[in-house]
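# Structural features, examined
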Amino acid sequence: EELSFAEERFRVGAATFLDVTTSPGTFAQAQIEGEIVVCDNGSTDRSVAIAESLGARVVHQPLRGYGNAYLKGFASARGQYLIMGDADDTYDFTLIPALLQLLTHEGYDFVTGSRYLNGGHRHITPLHRIFGNPALTSILNTLFGTRYTDVYCGFRGFSRRAYDLIRPLSPGMEFNLELAINAGLARLKIREIPIVLAPATLTATSAAPTRASSTTPATVSQRPPRLAGALLDREALARGIADDTAL
């Protein structure tokens, strides 16, 4: 069934790193009213000029880091719903309508891809595919009562309201971990969808798994005290989501 969002009263902000070649066509085909926001984090090539020539709105973040780039991108996006993803051709952005369907019509607050459903993880490096990501996901699920199969997937969607409630702070790759943890603590309605990770075509992203693995233990150790308020008030956070959905 073809999805059409032409009659919906919302805008989509496809924030930070989104593929500026695939996304416009996906928006047009599904009749999605939206924008593509690319956060430039200090590039020295023609990335900014190319993105702007393809219709993306480019914002600039002088502070280096994966999390800093997303923080700037999300703050700049004007959409009611936010879709995030890396622009290294590893994610299939034609799945954006499927994420929006779950968020706008099926009652989910936080939709995230999983590379471990239906064998989509074959292009993850062996060390991270077999040991790293599964181990981190298991630890997080044990500590925070979540049920993720892929805690570090970078292709996700959520409402602006949900993002404001679970807003992460981390400047680096651990930003993604914070999103997942906070969504679970707030008892948001979470859904994973199977995705296939394609081989990255940009070498600049190849160091990301190493940086992530080195910062994750510190992030996990910090989560309980920093999220104590969320643990105590997560029912109120969940009510906030429910109230927003009812409006």
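Residues numbered from 1 in each chain as written. Predicted model: local features only at pLDDT ≥ 70, side-chain atom pairs only at ≥ 80, totals over all residues. Heavy atoms only, no water.

Core analysis: the largest hydrophobic core is formed by 30 residues, its most contacted members being Phe74, Phe110, Phe158 and Leu179. Among the secondary structure elements, those contributing two or more residues to this core are strand 2 (34–40), helix 3 (66–76), strand 4 (81–84), helix 5 (126–144), helix 6 (160–165) and helix 7 (174–185). Per element, the largest residue contribution to this core is seven residues, and it comes from helix 7. Phe27, Phe93, Leu102 and Leu197 belong to the second-largest nonpolar core, a separate cluster that totals 25 residues. (Core = buried A, V, L, I, M, F, W, Y, C linked by side-chain atoms within 4.5 Å. Buried < 20%, exposed > 50% of the residue type's maximum accessible area, 1.4 Å probe, protein only. Helix = DSSP H or I, 4+ residues; strand = E, 2+ residues; numbered from the N terminus.)

Moving on to the environment of Asn118. Among the secondary structure elements, Asn118 is positioned in the loop between strand 5 (110–114) and helix 5. Each C-alpha atom of the pair Asn118 and Ile193 lies 9.7 Å from the other, and the pair is 75 residues apart in sequence.

A separate point is the pairing of strand 3 (residues 57–60). Here four bridges tie strand 2 to strand 3, and the two strands are oriented parallel to one another. When the bridges of strand 3 are listed, Val37 appears paired with Arg57. Considered for its hand, the β-α-β crossover made up of strand 2, helix 2 (residues 47–53) and strand 3 is right-handed. (Pairing = 2+ DSSP bridges. Right-handed = clockwise from strand over helix to strand, strands pointing away.)

With that settled, the discussion passes to unusual backbone geometry. The phi dihedral of Gln31 falls on the positive side, at around 55°, and the residue is not glycine. Positionally, Gln31 belongs in the loop between helix 1 (22–29) and strand 2. Positive phi, normally seen in glycine, also occurs at Arg187, with a value near 55°. The residue Arg187 is located in the loop between helix 7 and strand 7 (190–194) in this model.

Let us now look at the confidence of the model for the chain. Interpretation of this model should avoid reading the predicted coordinates in detail wherever pLDDT is low. Confidence along the chain averages 74 in pLDDT terms, with 66% of residues attaining 70 or more. When mean pLDDT is compared element by element in the chain, strand 7 scores highest at 96, while helix 8 (residues 208–226) scores lowest at 38. Contacts from residues 203–247, a stretch scored under 50 in pLDDT, to residues over four places away or in other chains number 46 contacts. (pLDDT = per-residue confidence, 0-100. Contact = heavy atoms within 4.5 Å.)

Regarding helix 4 (residues 96–105), the residues found buried are Ile96, Pro97, Leu99, Leu100, Leu102 and Leu103. Following helix 4 by one or two positions, Gly107 adopts a phi angle in the positive range, close to 80°.

Moving on, we get to the packing of aromatic side chains. If you walk through the whole model with that rule in mind, you get ten aromatic pairs. Their ring planes at 10° and their centres at 5.7 Å tell us that Tyr70 and Phe175 sit as a pair that is stacked. Here Phe175 lies in helix 7 and Tyr70 lies in helix 3, a separation of 105 residues in the sequence. With a centroid separation of 4.8 Å and an interplanar angle of 50°, the aromatic rings of Phe74 and Tyr163 are classed as tilted. One end of the pair, Phe74, is in helix 3; the other, Tyr163, is in helix 6, and 89 residues separate them in sequence. Residue Tyr163 is classed as buried on the basis of its relative accessible area of 0%. Taken together through their ring pairs, the aromatic side chains of Tyr66, Tyr70, Phe74, Phe110, Phe158, Tyr163 and Phe175 make up a single cluster. Its end group placed over the ring of Tyr108, Lys189 keeps NZ or CZ at 4.6 Å from the ring centre. (Phe/Tyr/Trp six-rings, centres within 6.5 Å; stacked < 30°, edge-to-face > 60°. Lys NZ or Arg CZ within 6 Å of the ring centre and 35° of its normal.)

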